[in-house]
Amino acid sequence: VQLQASGGGLVQTGGSLRLSCAASGLTFSNYNMGWFRQAPGKGREFVAAISWSSGSTYYADSVKGRFTISRDNAKNTVYLQMNSLKPEDTAVYYCAAGPGGTYVYPAVGDYNYWGQGTQVTVSS
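Let me begin by describing the structure that accompanies this report. (Residues numbered from 1 in each chain as written. Predicted model: local features only at pLDDT ≥ 70, side-chain atom pairs only at ≥ 80, totals over all residues. Heavy atoms only, no water.)

### Details of the nonpolar core
Ranked by size, the top nonpolar core spans 36 residues in total, and within it Trp-35, Leu-80, Met-82 and Tyr-93 carry the most contacts. At the level of elements, β1 (2–6), β3 (17–24), β4 (31–38), β5 (45–50), β7 (67–72), β8 (77–82), β9 (91–99) and β11 (118–123) are the ones that each hand at least two residues to this core. (Core = buried A, V, L, I, M, F, W, Y, C linked by side-chain atoms within 4.5 Å. Buried < 20%, exposed > 50% of the residue type's maximum accessible area, 1.4 Å probe, protein only. Helix = DSSP H or I, 4+ residues; strand = E, 2+ residues; numbered from the N terminus.)

### Examining the pattern of salt bridges
Scanning all chains against the criterion turns up four salt bridges. For Asp-61, the salt bridge is made with Lys-64, and the minimal N-O distance between the two is 3.1 Å. With respect to burial, Asp-61 and Lys-64 carry one shared label: exposed. Within this structure, Arg-37, Glu-45, Arg-66 and Asp-89 form a network of salt bridges that share partners. (Salt bridge = Lys/Arg side-chain N within 4 Å of Asp/Glu carboxyl O.)

### Looking at the side chain of Thr-118
Tracing the sequence through the fold places Thr-118 in strand β11. A residue is classified by how much of its surface remains accessible, and Thr-118, at 10% relative accessible area, is buried. Looking at Thr-118, its side chain comes within polar contact range of the main-chain nitrogen of Gly-8, at 3.2 Å. Beyond its immediate chain neighbours, meaning those up to four positions away, Thr-118 contacts Ala-5, Ser-6, Gly-7, Gly-8, Leu-19, Ala-91, Val-92 and Tyr-93. (Polar contact = N/O pair within 3.5 Å; in protein donor to acceptor, adjacent residues only side chain to side chain. Contact = heavy atoms within 4.5 Å.)

Here it is, written out as structure tokens:
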């Protein structure tokens with residue numbers, strides 16, 4: 001199983017980025033997908049998740065209203081659209097895959113497979 005995250009970069013406060021995560025080696029449509037992030041010196045933090053059918057989404061309070069998670073099962077890809085970025089959003093962002101189901105969950109332990117991460121830096 002491979003999860004390849006891309007789309008990170010350097011952006012100014014208030015800017016936007018769109019992260020992508022391309023999956024291979026698994027039946028993508030059977031898995032819930034999540035995005036997590038980890039800032040220097042901090043633990044891995046939940047950002048957003050989407051169920052296998054896109055019927056359910058869940059966001060951390062810190063990104064609600066600014067970030068949008070979506071997926072394209074035909075392309076085996078999950079996206080994270082990030083708007084109104086803040087310096088505190090600076091982190092390495094990871095995509096993850098977990099067992100499919102109606103509900104999505106925010107815990108690291110709910111996910112079986114992880115991508116390598118992509119750096120997002122928001123300058124003030």
